[in-house]
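Summary of structural features
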Amino acid sequence: MYRFSIFILQFLLLIIALTFIFTNPFIVSLDIGNLKYSFSSNLFTVVFISFIFLLYLVLYLYFRSRHSISKYFLKNKYNKIEKGYLYFVDAMIAVANKDNKTALKSHKKMTSYLKDDPSLSLLLKSEVLKIEKKFPELNNVYEDMIKSKKTETLGYRGLMEQNLRNQDYHHAFLYGEKLFSINPNIEKLYDTLIFIAAKTKNWNQIILISNKAFSNKIISKNDLNENKSIAFYEIAKIKFDSDIKDALKNVLKALELKKNFAPYVKLHLEIIINLKDKKNLKKLIKKYWSLNPSSLLSSIIIKILNDNDLTDIKFINEIINNNASEEESKKLLIYFAIKNLKWDIARENITGMIGSSPSKDICYFMSEIELGENNDKQKSDAWIMRAENAKLENSWICRITNQSQEEWSSLSNSGNYNSLVWTSPMMLRQNSN
């Protein structure tokens, strides 16, 4: 209402002004050179108003036609984009169906409609080349992808996977690290980088990447500690021959992150042996056994005790002092009682451990006791036969391949990272089922 009132007021003022001009005419004179032109003010007013109207009409027609032309070109552009996307969808469906001929045909049509957006073309081309297994050409496509912000993550991921396929772990890690810096949340990217770093023995990178992954909430605190402990353990192994004190620092860091893990304990004790610190070695053996008396630790400690002449029964009793009633402590005592020909101690401690289905090591202990104490080869052989039918002992088994190995390693013999578990093959199969 306010605007309409203003318009009416302006219109009335214009009518009044024109009425005044036309009812009070005057002569307008113009001198141009030696010539003088004179005409009525009414004629000047009519010409001026006509000029303004004509200018308005021209501008109106110009902007109206310009809008229509822009609308036409815009509509045409969107039609092309729509057709391009339709051909893209057709091509992707053809790729999924491994119909390469249709995929290539649709790809060609798509590129004719989507000339200003090469990202979709690159994506489609990469899928087609994957199916055709044209890996050199695929590499070129990935190289083009990393030049654009829209497709750089796809490009870096593709180049990482290509180099992994070629077992070029150095370049795979470089591309993966770049991808991680752009988007660390890509599914399984962290696990892939950890695997590559382990393959290339780049343990410091595992620490750095794990810290970044944890700060980005990609991994839990437990996963962080697990992977960092492995890295410190491996660094300690590398430093063992060149800088024994640095090796000690790193293995202690590993044990701080994953307490009492037997392979780390073993390396720690080996470092202490290398430092010729027998007093500390004995102290640590008693400490670790007190914290974790297990079959795995038992095999480690037995070897260390044998290699370092620490097999005296008195010292063995000191080791098991805090948990003498536990099964593994009794087995440790029985083993060294047999070794020291202390048959009464061996017989006393093995009583009650035989049961209806004794383990392999109990059977072998009984075999040695019968032969050593009573020189009864028949009974001894009977226990050996019984041992062969006993359930399988625990060993390091890859949970991915079910392959077993004697020693723990961060990469299993089958090439899988941190996949080894201390168990029996039967138990692993039952758990996987």
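Residues numbered from 1 in each chain as written. Predicted model: local features only at pLDDT ≥ 70, side-chain atom pairs only at ≥ 80, totals over all residues. Heavy atoms only, no water.

**Regarding the overall build of the chain**
Looking only at helices and strands, the chain features 20 helices and five strands. Within the chain, the fraction of its 433 residues that count as buried is 37%. Across the chain, contacts joining residues at least 24 apart in sequence account for 49% of those joining residues at least 6 apart. When the accessible surface of the chain is split by element, carbon and sulfur atoms take 55% of a total near 27100 Å². (Helix = DSSP H or I, 4+ residues; strand = E, 2+ residues; numbered from the N terminus. Buried < 20%, exposed > 50% of the residue type's maximum accessible area, 1.4 Å probe, protein only. Contact = heavy atoms within 4.5 Å. Areas by Shrake-Rupley, 256 points an atom, 1.4 Å probe, with all protein chains shown as cover.)

**Points about the packing of helix α7 (residues 169-182) against helix α9 (residues 203-215)**
Where α7 contacts α9, the axes come no closer than 12 Å and their chain directions differ by 20°. On the basis of the axis angle, α7 is roughly parallel to α9. Helix-helix and strand crossings are classified by hand; for α7 and α9 the assignment is left-handed. Residues F173, E177 and F180 of α7 touch α9, and the partners they reach there are Q205, I209, K212 and A213. Taken together, the residues that form the contact of α7 with α9 break down as four nonpolar, one polar and two charged. (Axes fitted to C-alpha atoms, helices over the stretch in contact; angles between N-to-C directions. Parallel < 35°, antiparallel > 145°, perpendicular 65-115°, else oblique. Left-handed = near helix turned anticlockwise from the far one by under 90°. Nonpolar A, V, L, I, M, F, W, Y, C, P; charged D, E, K, R; others polar.)

**A word on unusual backbone geometry**
Of note, K217 is a non-glycine position whose phi angle comes to about 60°, a positive value. Topologically, K217 is positioned in the loop between α9 and α10 (221-239). A relative accessible area of 76% places K217 in the exposed class. Although it is not a glycine, N375 adopts a positive phi angle of roughly 55°. Checked against the element boundaries, N375 lands in the loop between α18 (360-374) and α19 (377-388). By relative accessible area, N375 is classed as exposed at 62%.

**Details of the pattern of salt bridges**
Side-chain pairing between opposite charges can occur once the charged atoms of the two side chains come close. Overall, the coordinates contain 16 salt bridges when judged by the stated rule. With a closest N to O distance of 3.3 Å, E161 and R157 form a salt bridge. Placement of the pair is E161 and R157 together in helix α6 (residues 152-165), with a separation of four residues, close to one helical turn. Since its relative accessible area comes to 30%, E161 is described here as partly exposed. (Salt bridge = Lys/Arg side-chain N within 4 Å of Asp/Glu carboxyl O.)

**Re the nonpolar core**
In terms of nonpolar packing, the biggest core is built from 91 residues, with I285, L305 and I319 touching the most fellow members. Apart from residues lying up to four places away in sequence, L305 is in contact with I285, L310, T311, F315, I316, I319 and F336. (Core = buried A, V, L, I, M, F, W, Y, C linked by side-chain atoms within 4.5 Å.)

**Describing the layout of surface pockets**
Volume-wise, the largest pocket comes out at about 810 Å³. Forming the walls of the largest pocket are 34 residues, and the residues nearest its centre are S295, L296, S298, S299 and I300. For the lining of the largest pocket, the element with the highest residue contribution is helix α14 (residues 295-307), accounting for nine residues. A breakdown of the residues in the lining of the largest pocket according to their chemical character gives 15 nonpolar, eight polar and eleven charged. Taken as a whole, the second largest pocket holds about 370 Å³ of empty space. Lining the second largest pocket are 19 residues; nearest its centre among them are Y190, D191, T192, I194 and Y417. Listing elements by their share of the lining of the second largest pocket, those giving two or more residues are α8 (189-199) and α10. (1 Å grid on protein atoms, 1.4 Å probe; cavity = no way out; pocket = protein on both sides within 12 Å on 5 of 7 lines; lining within 4 Å. Points joined across faces, edges and corners; volume = space filled by probe spheres on them.)

It is worth stressing that arrangement in space is one thing and function is another; only the former is reported here.
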